[in-house]
Amino acid sequence: MDHLACFTPKDLTATASAPDLAAYRWRLLAQGDSWFSTATAKLDAHANLLQEMYFKQPTCAVNCAGSGEALSHMVDLESAPDFVRLLSSPDAPVWDGVLLSVGGNDLISAAQTPAHTPDGADVPLHLRLLRRQTEWGPPSAGVARYFSEPGWATYSEYLRTNVRHLLTLRDQGPSSGKPVFMHCYAVPMPRPAGAEANANSELGASGPWLYPALKACALPSADWAAVSRLMVFHLALLLKSMAADKEQFPGLHVFDSTAVPLAPATAGSSGSSGDWHNEIHLNHSGCLKIARAWSESIERVLSGEVLVVPGGKRRS
């Protein structure tokens, strides 16, 4: 088993030390949010998902996420010129697959959207994920009573539109039709655990992120973990439904990382806890667990293995 060899777009243009991509069995292009970030604090803490990926055959990735949060929102894709060029330009390399960590920051941002604008005007439900106290549903609905289904419909269409656009970019270049791999994140514990200074400024200061949003909506603290689970599971179901729609999302492969057992952070803790580096980012052990399982799933697809699913059906 070999660690995934990670390079940057700048490495490809180095005159004396450019990597020989032909030396690797599988060549991948990566883009994403803070889970792929190469910020020094993330790398020092081994809190980067790509860092912990292992493959049976030599595999490399050119990671366009950079040291900041290059793709804080999917709509920012066009502001990632290296990724767009390496994916869609006629002279781009032929990649065996594309690794993506996207959608999570957008979900957090939607959860952070307040019920009122700074001048006191109401923000309509279709533009936010959480309901204020006067809008809660009946207790019989469980934690779904706090959740804005109209807001979820808006988010779902936003994500679907942006992933379709990304697949169109893929099909404009030499890697047309190649597999695109996404994960479903994991369920964080809302808690007062922020990031290092300026480590995630695109989502607002340095966190925490969900904790203040849930407090602002007056959600009972006993329900915070379940609300977090509800949102992340909604995202996982959305991504898996997209992958199942081969007509609109050809070549999309989604790994259900929410099914990987993780040690949850302790409620109320403010530092690294369980498998979590801070409120929404994994630490080394968490990255290791998800990355190893995701690597196996990716390599099965790259190798063209045929899987037998319940009912005797076959799929590649």
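This text goes with the structure placed above it.
Residues numbered from 1 in each chain as written. Predicted model: local features only at pLDDT ≥ 70, side-chain atom pairs only at ≥ 80, totals over all residues. Heavy atoms only, no water.

K.L.:
Go over the sheet that holds strand β2 (residues 5–7), please, and point to the residues and values.
P.N.:
The six strands are arranged β2-β5-β3-β6-β7-β8 in an open sheet whose pairing can be described as parallel. Both outer strands of the open sheet, β2 and β8 (252–255), are each paired with one neighbouring strand and no more. Averaged over all neighbouring strand pairs, the angle between strand axes comes to 25°, with direction disregarded. Pairing of β2 with strand β5 (residues 59–63), which is carried by three bridges, proceeds in the parallel orientation. The residue of β5 that forms the bridge with C6 is A61. (Pairing = 2+ DSSP bridges. Helix = DSSP H or I, 4+ residues; strand = E, 2+ residues; numbered from the N terminus. Axes fitted to C-alpha atoms, helices over the stretch in contact; angles between N-to-C directions.)

K.L.:
I'd love a proper account of the layout of surface pockets, names of residues and values included.
P.N.:
In this structure, the second largest pocket encloses a volume near 230 Å³. As for the second largest pocket, its lining consists of 14 residues, and the residues nearest its centre are V187, P188, R229, L262 and P264. Looking at side-chain class alone, the lining of the second largest pocket contains eleven nonpolar, two polar and one charged residues. (1 Å grid on protein atoms, 1.4 Å probe; cavity = no way out; pocket = protein on both sides within 12 Å on 5 of 7 lines; lining within 4 Å. Points joined across faces, edges and corners; volume = space filled by probe spheres on them. Nonpolar A, V, L, I, M, F, W, Y, C, P; charged D, E, K, R; others polar.)

K.L.:
For the packing of aromatic side chains, give the residues involved together with the corresponding values.
P.N.:
Under the counting rule described, the total for this entry stands at eight aromatic pairs. The interplanar angle of 45° and the centroid separation of 6.1 Å between the aromatic rings of F147 and W152 together place this pair among those described as tilted. Exposure remark for W152: the relative accessible area of 9% places this residue in the buried category. Connected via pairs of aromatic rings, a cluster forms that spans F147, W152, Y155 and Y158. Taking the ring centre of W26 as reference, the NZ or CZ of R25 above it sits at 3.7 Å. (Phe/Tyr/Trp six-rings, centres within 6.5 Å; stacked < 30°, edge-to-face > 60°. Buried < 20%, exposed > 50% of the residue type's maximum accessible area, 1.4 Å probe, protein only. Lys NZ or Arg CZ within 6 Å of the ring centre and 35° of its normal.)

K.L.:
Account for the nonpolar core, naming residues and giving values.
P.N.:
Formed by 84 residues in total, the largest nonpolar core has its most connected members in M53, F83, L99 and L252. The element contributing the most residues to this core is helix α7 (residues 224–244), with ten residues. Not counting residues up to four positions away in its chain, the partners in contact with L99 are L4, L28, L29, A30, Q31, F36, L50, M53, F181 and I298. (Core = buried A, V, L, I, M, F, W, Y, C linked by side-chain atoms within 4.5 Å. Contact = heavy atoms within 4.5 Å.)

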